[in-house]
Amino acid sequence: MPRAAGCPFDPPPTLRDLQDQVPISRVRLWDGSSPWLVTRYEDVRALLTDPRISSDSALPHYLHLSPAQKEHRRQSRTFINMDDPEHARLRRMVTATFSIRQVEALRPAIQKIVDSLIDTTLSGSEPVDLVQAFALPVPSLVICELPGVAYAGHDFFQANSMILIKRTSTVEQARVATQQLLDHLDRQIGVKLAHPADDVLSAPAERVRSGELSRHEAAGMGMLLLTAGHETTANMIALGTLALLQNPDQLARLRESDDPKTVASAVGELLRQDPDRRLGPERATLRSPRISRGCGPTCGSDNAP
């Protein structure tokens, strides 16, 4: 759907029209499939909390937004594209690494990274590219620190993860990028098997040692941990900054407050925009029409207030 002139992040006018006139309608994707587009907040919320809706990307009618995305998921299917109980089993293997205690222990290192990048940005020439100077380096430095991967490798992760999220990437580009990441992470898992440490990749490596995961599954889990929070965090930093600059009253309120709850509330508001795509393995009813088994709905959550 084409976007209107102005802010490129605003929902397309056609999507707004559908929300008002035909809130649940058929759309056509690149592969000729015709999923249901759900646009109203109440319906999107109902879908995302309905146990009959599946996240399993291996299902035949699961929605893939591009050929490259489909190829990537075929090569490396992780727990975020699975249903329970397999989803819960695999997720539990890594959640301990991201416990409140573990994450809080990272606060000094993250603060140091952020402070250093801000100082460097302010001391340089103007204007500054916020994405290149700050938004991308922050998650790169943090993520590479977690598994013990040197920051020198951040360009490798950034370049390949960018290929995987671009809808214009070809199937071959996605295949090569996925394989390069898997090969790299497989080598890292091998290192952790030989020399366990207190880091992110040692957790899946230990599961390989116990027979709970294969090397390929562990590498895929490592790739998810390294890449899933990279572009998403960088995008959120940049878009969050833009949103605050466009709402100077909210920015002033945030700057003037010393209350951590105010900051946490602001972050929560900025994080509310997160589209999701799921497949209905069973029949689910949302007013009308009826979404039947195998008809994948896609949620227009960027249009839901």
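The structure presented is a predicted model; accordingly, all values stated were derived computationally and were not measured.

1. Describing the overall build of the chain
So, step 1. Within the chain, the regular secondary structure consists of 15 helices and 5 strands.
So, step 2. Taking all 305 residues of the chain together, 38% fall into the buried category.
So, step 3. For the chain, restricting intrachain contacts to residue pairs at least 6 apart in sequence, the fraction spanning at least 24 positions comes to 59%.

2. Looking at the layout of surface pockets
So, step 1. Approximately 300 Å³ is the volume attributed to the second largest pocket.
So, step 2. Those elements that place two or more of their residues in the lining of the second largest pocket are helix H13 (230-246), helix H14 (248-256) and helix H15 (260-270).
So, step 3. For the lining of the second largest pocket, the element with the highest residue contribution is H15, accounting for 5 residues.
So, step 4. The class makeup of the residues in the lining of the second largest pocket is 5 nonpolar, 5 polar and 2 charged.

3. Some details on the nonpolar core
So, step 1. If you look at the biggest cluster of nonpolar residues, it comprises 15 residues, and the most contacted ones within it are Phe79, Leu90, Ile189, Val208, Leu213 and Met221.
So, step 2. Elements with a minimum of two residues in this core: helix H4 (86-95), helix H10 (171-194), helix H11 (202-210) and helix H12 (215-227).
So, step 3. It is H12 that provides the largest number of residues to this core, a total of 4 residues.
So, step 4. Phe79 has contacts with His87, Leu90, Arg91, Val94, Met221 and Leu224, leaving out every residue within four places of it along the chain.

4. Section: unusual backbone geometry
So, step 1. Each neighbour pair has its own omega, and for Asp84 with Pro85 the value is 10°, a cis peptide bond.
So, step 2. With respect to the helices and strands, Pro85 occurs in the loop between helix H3 (67-75) and H4.
So, step 3. For the bond from Glu126 to Pro127, the omega torsion is 0°, close enough to zero to count as cis.
So, step 4. Relative to the helices and strands, Pro127 resides in the loop between helix H6 (107-123) and helix H7 (130-135).

5. Side note on the pattern of salt bridges
So, step 1. Taken as a whole and assessed by the stated rule, the structure comprises 9 salt bridges.
So, step 2. Put simply, Glu71 and Arg74 hold a salt bridge, and the shortest N to O gap is 2.7 Å. Of this pair, Glu71 and Arg74 both sit in helix H3, separated by 3 residues, roughly a single helical turn.
So, step 3. The class for Arg74 is exposed, based on a relative accessible area of 59%.
So, step 4. Of the charged contacts, one joins Arg209 and Glu206 as a salt bridge, the two residues approaching to 3.2 Å between their closest N and O atoms. Of the two residues, Arg209 and Glu206 are both situated in helix H11; the distance of 3 residues between them amounts to about one turn of the helix.
So, step 5. The class of Arg209 is partly exposed, set by a relative accessible area of 44%.
So, step 6. By relative accessible area, Glu206 is classed as partly exposed at 41%.

6. With respect to a nonpolar patch on the surface
So, step 1. On the surface, a nonpolar cluster with roughly 230 Å² of combined accessible area is contributed by Val263, Val267 and Leu271.
So, step 2. Structurally, Leu271 is set in the loop between H15 and strand S3 (284-285).

About the cut-offs
- Residues numbered from 1 in each chain as written.
- Predicted model: local features only at pLDDT ≥ 70, side-chain atom pairs only at ≥ 80, totals over all residues.
- Heavy atoms only, no water.
- Helix = DSSP H or I, 4+ residues; strand = E, 2+ residues; numbered from the N terminus.
- Buried < 20%, exposed > 50% of the residue type's maximum accessible area, 1.4 Å probe, protein only.
- Contact = heavy atoms within 4.5 Å.
- 1 Å grid on protein atoms, 1.4 Å probe; cavity = no way out; pocket = protein on both sides within 12 Å on 5 of 7 lines; lining within 4 Å.
- Points joined across faces, edges and corners; volume = space filled by probe spheres on them.
- Nonpolar A, V, L, I, M, F, W, Y, C, P; charged D, E, K, R; others polar.
- Core = buried A, V, L, I, M, F, W, Y, C linked by side-chain atoms within 4.5 Å.
- Salt bridge = Lys/Arg side-chain N within 4 Å of Asp/Glu carboxyl O.
- Patch = residues over 30% accessible without salt bridge, like charges linked within 9 Å, V, L, I, M, F, W, Y side chains within 5 Å.
- Areas by Shrake-Rupley, 256 points an atom, 1.4 Å probe, with all protein chains shown as cover.

Honestly, it's all geometry; don't read function into it.
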